[in-house]
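# Summary of the model geometry
One-letter residues, chain by chain:
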Amino acid sequence: MKKVILTMLTVVAMSTTMQAKTVKTEIPVNGNCSEMCKPRIEKAAKSVSGVLSATWNLKAQKLTLVYDNTKTDTKKVQKAVAASGHDSGNIKASQATYDKLPGCCKYRK
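A brief look at the structure comes next. Each chain has its residues counted from 1, running along the sequence as written. Local features in a predicted model are, by the rule used here, given only for residues with pLDDT of at least 70; side-chain atom pairs are given and counted only at 80 or more, and totals for whole chains, interfaces and linings are based on all residues. Where side-chain values are given, they derive from all heavy atoms of the structure, hydrogens and water being excluded.

## Focus on the side chain of His86
- The helix count covers DSSP runs of H or I at least four residues long, the strand count covers runs of E at least two residues long, and both are numbered beginning at the N terminus. Note that His86 resides in the loop between helix H3 (74-83) and helix H4 (95-99).
- Within the local environment of His86, its side chain forms a polar contact with the backbone oxygen of Asn30, the two atoms lying 2.8 Å apart.
- By the convention used here, residues are in contact when the closest approach between their heavy atoms is within 4.5 Å. Each residue touching His86, except ones within four places of it in the same chain, is listed here: Val29, Asn30, Gly31, Cys37, Arg40, Ile41, Val81, Ala93, Leu101 and Tyr107. Counting of polar contacts relies on pairs of N or O atoms within 3.5 Å, with two restrictions inside protein: one atom must be capable of donating a hydrogen and the other of accepting it, and residues adjacent in sequence are counted only when both atoms are side-chain atoms.

## Structural notes on the environment of Thr74
- Within the fold, Thr74 resides in helix H3.
- Relative accessible area decides the class of each residue, using a 1.4 Å probe on protein chains only: under 20% of the type maximum gives buried, over 50% gives exposed, and in between gives partly exposed. Judged by relative accessible area, Thr74 falls into the partly exposed class, the value being 25%.
- Along the backbone, Thr74 and Val51 are 23 residues apart, and their C-alpha atoms lie at a distance of 9.5 Å.
- Dropping the residues within four chain positions of it, Thr74 is found in contact with Thr25, Ile27 and Tyr67.

Below is the structure:
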């Protein structure tokens, strides 16, 4: 009986582990420079639990994310990026946070 229960628990644990999925996606993020914007945006994205990598491309104005979809989603990442002062997809940085960005990082016209 113990072996049966142990086997069942192992199967359940394995199926739960298999459901975790690493996802790669891109989200639009506004910024102006590689010197200050890039590290700020990437740091904000990586601060979200479940984000495995985040790389922002200045020219494309896109953040490439690799994340565990059982731990986070793009909306959480967008909120973290917006909290750092950068508009991300449909989530806009507050005016107060945006105003704190260095002059070279201000992208709103």
